[in-house]
Amino acid sequence: MTEVGKARKRKEDARLLTGRTRWTDNLRQPGMLHVAFLRSPMAHARITRVDVTGARELPGVFAAFTGQDVADEQGSLPCAWPVSEDIVIPEHPPMAVSEVRYAGEIVACVVATDRYRAADALEAIEVDYEPLPPVLDLEAALAPDSPKVHEAGNQAFSVKITSGDVEGAFRDAPVVIDRTYVQQRLIGAAMEPRAVLAATDGDSYTLWTSTQIPHVLRVMLAMVTGIPEHQLRVIAPDVGGGFGTKLQVTAEEVLCLLLSRRLGKAVKWTESRSEGNMAVHQGRGQLQHVRLAAEADGRIRGLQVDLLADMGAYLMLVTPGIPMLGATMFNAIYKMDAYEFACKGVFTTKTPTDAYRGAGRPEATFAIERIMDELAAELRLDPIEVRRRNWIKHEEFPYTTIAGLTYDSGNYEAATDRALQLFGYDKLRAEQADRRDRGDPVQLGIGVSTFTEMCGLAPSRMLGEANYGAGGWEHASVRMLPTGKVEVVTGTSPHGQGHVTSWSQIAADALGVPFEDVTVVHGDTAISHKGMDTYGSRSLVVGGVAVLQACEKVREKARRLAAHLLECAPDDLEFAGGAFTVKGTDSRTTIQELALAAFAAHNLPEGAEARLDSDATFDPVNYSFPHGTHLAAVEVDTETGQVRVRSYVAVDDVGTVINPLIVEGQVHGGIAQGIGQALYEEAVYDAEGNLLTATLADYLVPSAADLPDFVTDRTETPATSNPLGAKGVGEAGTIASTPAVVNAIVDALRPHGVRDVPMPCTPERVWRALEGGRA
Amino acid sequence: MPRISVKVDGIAYEEDVEPRLLLVHLLRERLDKTGTPVGCDTSNCGACTVMLDGKTVKSCTMLAVQADGCEIVTIEGLAANGSMHPMQRAFHEEHALQCGYCTPGMVMAAIDLLRDTPDPSEEEIREGLDGNLCRCTGYCNIVRAVKRGAQEMGQAVKSS
């Protein structure tokens, strides 16, 4: 029976639904102590004194340390992606020693018998700060007279990529559209706040942590702390969401390891939500200047992108790489003759930025999809029509874009046609016209986003060319147990994506075993000894393929053993339904029987080892390119500025689908997060650099009442770059939905003179945009 | 230190607690009821929702001493005789959880919602779950699960 493509209910669910969970904060070790961190209340200041003696004297307190106390051994938090020759990577001590550069930076810590006593002791720590001027605005930060975040200045790096004759494309162009868009800073807000538990037996260390990247983390922590890699085990137990925010090597992880080493004890730290809002790296944060030149019929001549990307106070694991992930994506699905991408990374005295769902690609997609609507408006064309005139046609694949990527497959026409049909596009346009004619105070807007993205991060060779510090392969090992059951060990590290279920489906098909007979193990470097973890919609496209290839190797080993036992040539065997049959006979043996035969090892082929297992490391040959067409209908109250998403249709092409239930769930969640950016979410800082949205009461993660039901469907154009044909789905919804919703809002208000509403499009901002349009 | 008596998932406990101890920390750290997680510190996310004398409370927003004499049901106590509560089953059937961190609170809130509104419309479900945040699912499948759970619970009531 074919498992791939089946809507299997998840194997993961029962435990999660009955509370038998292993969140890091649930775990205990004998003699375990609790850590609390004191964080800077100031965005930028010199530390002139930190006194922890008062804290050390309190009952239940084992230790209290300042940055100075650990300065010799704490190292510097790593940045693994130096994107340019001119990049400045400042020292990033896990605990600040002499200067703090964002509100929330750690300045001291306490270790006590329980979390209440640790928190009490923080209040007994005295810190004197000498305030320094904050650096908050990206353009002002680059002015020569700006206060400096770091000695070397506020520019982290500068990159420029040019393809084609950009100047020629803009010279005498019949249409030039020039726009500025702001990608506000976002807080990822995974539902599980971070937690770290570090334990030692004196020689070796075990770190349980709420992370997406146990394998990468182990390597980086060994480098930062000097703990030999082979004496460090990292475990990602149950992890409650990530969205990129747990793709990090954090100060808290380093410090908990050091505290465990110093005290010879197990120590645990659990983040509060308001602590996390300040301290977890944030997403987005770009100022985008975009210029587009086009012919009078709407065909694009050239595109020019000039970005300022907010790094925050330090460069963390892949901070500078995030805008670069968008560098080849602004041109999106469109054909053009010239393209220029310029980007400066800018330091500010705010929480560092880094990966957040989509990471560079939502920013790029937003800019191009917004400006395509502006082009349509300028030319009085339907926004779908202007896209049709520019996109790569299905018969043109593989297609090498102006930015130099080769898109292997896609069918933008099919996805768009299906989306228009499900959406009832013409009917909604008629209703819009009617409301406009009537002067209805509640106007209807229709927004489209025909997006693509690059996923399946990534071919190691391409990452090397981009100067990224690691490869993009993924590993899997598969073993047939003596009783015929199957253990799959994956290097991916799921935290909600359902890998246990999907990988079981892949293995069940490849080995011809029942879905129920497969178990999938992950997230522990002592068990899963090799991996690149989970981010960038890579797990299925890279890790799933590794599972498939490891299974195929096991199957071929089984074939040789079967041939030996059935006394025939391997090529004489047919494999179906988990059994090898000698062609044209009823002589057969099952893979389960072969597993037992390999275990017993009484009669193996010459030179064969006593095992029926194998592993595979898959390195993709290209990125994958999911795409789709999303359509949003919004109602905008022109009197109050209130926006309501009335209907939403998403037709995604993510290639071959392993489990449609899981794919649909990923799309739903992605759309919700993208709508969050469009309408609700922003990390707001005041003029002193204080984070005003430090709690979930201030930072608006959308609730069920804020969102509509989503209509989803798929077209299926398999990727040609991997044997599964899969393209990845984790980020698609988030990338597509933000511009679809904002395009819809602007579409509703264009007759009122509005051509943009800055995100998040709150009632106040919509109302102000209307006021501006009337002026 | 005040002594309190609580019944949690059918077991009676007597505990000496600091007056400031939060109910959720009593559950998680003293009674090992780690099935109930903590997602925020402002009562916004609802991950820590439990039933207290039959009504939902956010256990991070209540002191343990306030629960003295009360009967608490957590996600760990919902299944009866080894089989999941219809709402838990409905969440599984409809793929209404991904990372699962919000799930205990979401399931509790959904059951509470049906107490007053046994056959809720989509809008009533969405409004009713307004106090529980999920970052993974976009809520579509949670809404479907609550509808399914309502049907199954309704049928169970009718047939009993």
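The rules we used
Residues numbered from 1 in each chain as written. Chains lettered and ligands numbered in written order. Predicted model: local features only at pLDDT ≥ 70, side-chain atom pairs only at ≥ 80, totals over all residues. Heavy atoms only, no water. Helix = DSSP H or I, 4+ residues; strand = E, 2+ residues; numbered from the N terminus. Polar contact = N/O pair within 3.5 Å; in protein donor to acceptor, adjacent residues only side chain to side chain. Contact = heavy atoms within 4.5 Å. Buried area = accessible area lost by both parts, 1.4 Å probe. Salt bridge = Lys/Arg side-chain N within 4 Å of Asp/Glu carboxyl O. 1 Å grid on protein atoms, 1.4 Å probe; cavity = no way out; pocket = protein on both sides within 12 Å on 5 of 7 lines; lining within 4 Å. Points joined across faces, edges and corners; volume = space filled by probe spheres on them. Nonpolar A, V, L, I, M, F, W, Y, C, P; charged D, E, K, R; others polar. Buried < 20%, exposed > 50% of the residue type's maximum accessible area, 1.4 Å probe, protein only. Pairing = 2+ DSSP bridges. Core = buried A, V, L, I, M, F, W, Y, C linked by side-chain atoms within 4.5 Å. Phe/Tyr/Trp six-rings, centres within 6.5 Å; stacked < 30°, edge-to-face > 60°. Axes fitted to C-alpha atoms, helices over the stretch in contact; angles between N-to-C directions. Parallel < 35°, antiparallel > 145°, perpendicular 65-115°, else oblique. Left-handed = near helix turned anticlockwise from the far one by under 90°. UniProt positions renumbered as here; feature names shortened; annotations may be inferred. Domains from an automatic or database assignment.

Before going further, it helps to spend a moment on the side chain of Arg101(A). Residues and elements named next belong to chain A. For Arg101, the position within the fold is in the loop between strand 4 (99-100) and strand 5 (106-112). Of the polar contacts made by the side chain of Arg101, one reaches the side chain of His150; its length is 3.3 Å. Excluding anything up to four places from it in sequence, Arg101 contacts Ala43, His44, Val149, His150, Ala313, Tyr314, Thr348, Thr349 and Lys350.

The next thing to look at is the interface of chain A and chain B. Taken together, the contact pairs 55 residues of chain A with 49 residues of chain B. Here chain A and chain B share an interface that buries about 4,500 Å² over both sides, 54% of which is from carbon and sulfur atoms. Looking at the side of chain A facing chain B, the largest losses of area belong to Leu17(A), Tyr116(A) and Met191(A), adding up to 18% of the total buried there. Viewed at the interface, chain B and chain A are joined by 9 salt bridges. We note a salt bridge from Asp25(A) to Arg28(B), for which the minimum N-O separation is 2.8 Å.

Before going further, it helps to examine empty space enclosed by the protein. Residue and element names in this part refer to chain A. Counted under the stated rule, the structure contains 8 cavities of 30 Å³ or more. Of the pockets and cavities examined, the largest cavity occupies roughly 790 Å³. Along the wall of the largest cavity there are 50 residues; nearest its centre are Tyr535, Gly536, Ser537, Arg538 and Gly730. For the lining of the largest cavity, the elements supplying multiple residues, two or more each, are helix 10 (321-325), helix 16 (499-511), helix 17 (539-566) and helix 19 (660-680). Computed from the structure, the second largest cavity encloses a volume of approximately 140 Å³.

Time to look at the layout of surface pockets. Its boundaries defined by the atoms lining it, the largest pocket holds a volume of some 880 Å³. Around the largest pocket sit 38 residues that line it, and Thr270(A), Glu271(A), Ser272(A), Glu275(A) and Asp41(B) are the ones nearest its centre. For the lining of the largest pocket, the element with the highest residue contribution is strand 1 (residues 33-39) of chain A, accounting for 6 residues. The class makeup of the residues in the lining of the largest pocket is 17 nonpolar, 9 polar and 12 charged.

As a further point, take the pairing of strand 26 (residues 627-637) of chain A. Put simply, side chains in a regular strand alternate between the two faces of the sheet. Residues and elements named next belong to chain A. Among the 11 residues of strand 26, 11 are classified as buried, and the element is accordingly described as predominantly covered. Direction of pairing for strand 18 (residues 442-452) relative to strand 26: antiparallel, over a ladder of 11 bridges. Bridging across to strand 26, Gln443 finds its partner in Val636.

Once that is clear, we can look at the nonpolar core. Grouped burial of nonpolar side chains is what soluble globular proteins tend to show. Counting 201 residues, the largest nonpolar core has Ile745(A), Phe91(B) and Val146(B) as its most contacted members. Ignoring anything within four residues of it in the chain, the contact list for Val146(B) reads Met87(B), Phe91(B), Ala110(B), Leu113(B), Leu114(B), Ile125(B) and Leu129(B). Judged by nonpolar contacts, the second largest core, of 42 residues, contains Val513(A), Val542(A), Ala546(A) and Ala563(A).

A few words now on unusual backbone geometry. Residues and elements named next belong to chain A. Note that the residue after Phe397, namely Pro398, is joined by a cis bond; omega there is -10°. Positioned with a positive phi, Ala359 is a non-glycine residue whose angle comes to about 45°. With respect to the secondary-structure elements, Ala359 resides in the loop between strand 15 (338-347) and helix 11 (361-379). Classification of Ala359 as buried rests on a relative accessible area of 6%.

By the element assignment, Gln673(A) lies in helix 19. If we skip the residues at most four places from it in the chain, Gln673(A) touches Gly188(A), Phe243(A), Tyr356(A), Arg357(A), Glu681(A), Thr734(A) and Arg135(B).

Residues and elements named next belong to chain A. Summed over the entire model, instances satisfying the criterion amount to 12 aromatic pairs over all chains. Residues Tyr102 and Tyr314 carry aromatic rings whose centres are separated by 6.4 Å and whose planes lie at 75° to one another, so their mutual orientation is edge-to-face. Of this pair, Tyr102 sits in the loop between strand 4 and strand 5 while Tyr314 sits in the loop between strand 14 (300-312) and helix 10, and the two are 212 residues apart along the sequence. Judged by relative accessible area, Tyr102 falls into the buried class, the value being 7%. Counting every residue linked through ring pairs, the aromatic cluster contains Trp391, Phe397 and Tyr412.

Moving on: the packing of helix 19 of chain A against helix 20 (residues 732-749) of chain A. Residues and elements named next belong to chain A. Running from N to C, helix 19 and helix 20 point in directions that differ by 45°, and their axes come no closer than 7 Å. What the angle tells us is that helix 19 and helix 20 run oblique. The interaxial crossing formed by helix 19 with helix 20 has right-handed handedness. Across the interface between the two elements, Val667, Gly670, Ile671, Gln673, Gly674, Ile675, Gln677, Ala678 and Leu679 from helix 19 touch Gly733, Thr734, Ser737, Thr738, Val741, Val742 and Ile745 from helix 20.

Residues and elements named next belong to chain A. The final tally for this structure, using the stated rule, is 79 salt bridges over all chains. For Glu275, the salt bridge identified is with Arg39, shortest N-O distance 2.9 Å. Note that Glu275 is positioned in helix 9 (residues 273-279) and Arg39 in strand 1, a separation of 236 residues in sequence. A residue is classified by how much of its surface remains accessible, and Glu275, at 12% relative accessible area, is buried. For the salt bridge of Glu192 with Lys246, the shortest nitrogen-to-oxygen distance reads 3.2 Å. One end of the pair, Glu192, is in the loop between strand 8 (175-186) and strand 9 (195-200); the other, Lys246, is in the loop between strand 11 (232-235) and helix 8 (251-263), with 54 residues separating them in the sequence.

Turning to the UniProt feature "domain: Aldehyde oxidase/xanthine dehydrogenase a/b hammerhead" (unreviewed entry) in chain A, a few remarks are in order. Mapped onto the present numbering, the UniProt feature "domain: Aldehyde oxidase/xanthine dehydrogenase a/b hammerhead" (unreviewed entry) falls on residues 18-133 of chain A. Regarding residues 18-133 of chain A, the helix share stands at 14% and the strand share at 30%, and the terminal C-alpha atoms are separated by 51 Å.

With that settled, consider the domain arrangement of chain B. All names here are of chain B. You can read the domains of chain B as domain 1 (3-77) and domain 2 (86-159). One C-alpha centre belongs to domain 1, the other to domain 2; they are set 21 Å apart. Surface buried jointly by domain 1 and domain 2 totals about 1,200 Å² across both partners, of which 60% is contributed by carbon and sulfur atoms. On inspection of domain 1 and its partner domain 2, the count reaches 0 salt bridges. Taken together, the connections running from domain 1 to domain 2 amount to 6 residue pairs in polar contact (both at pLDDT 80 or more). At the level of elements, strand 3 (49-52) and strand 4 (55-58) are the ones that each hand at least two residues to the side of domain 1 that touches domain 2. Broken down by class, the residue content of the side of domain 1 that touches domain 2 amounts to 8 nonpolar, 8 polar and 2 charged.

Let's shift gears to the domain arrangement of chain A. All names here are of chain A. Each domain of chain A was delimited in the assignment, giving domain 1 (13-132 + 191-241 + 246-279), domain 2 (356-454 + 624-774) and domain 3 (473-618). Counting residues at the interface gives 17 residues for domain 2 and 16 residues for domain 3. For the pair domain 2 and domain 3, the summed buried area comes to about 1,100 Å², and 67% of that belongs to carbon and sulfur atoms. Linking domain 2 with domain 3 are 0 salt bridges, by the criterion used here. At the surface where domain 2 touches domain 3, the tally comes to 4 residue pairs in polar contact (both at pLDDT 80 or more). Its residues assigned to classes, the side of domain 2 that touches domain 3 comprises 6 nonpolar, 7 polar and 4 charged.

Attention now moves to the sheet that holds strand 5 (residues 71-73) of chain B. Residue and element names in this part refer to chain B. Strand order across the open sheet formed by 5 strands is 2-1-5-3-4, with mixed pairing between neighbours. With one partner strand each, in any of the chains shown, strand 2 (11-16) and strand 4 form the two edges of the open sheet. Taken over all neighbouring pairs, the strand axes of this sheet differ in orientation by 35° on average, direction set aside. When strand 3 meets strand 4, the two strands line up antiparallel, connected through 4 bridges. Looking at the pairing, Met51 lines up with Thr56 of strand 4. On the sheet, helix 3 (residues 103-116) packs against strand 3, strand 4 and strand 5 and is oriented at approximately 45° with respect to strand 3.

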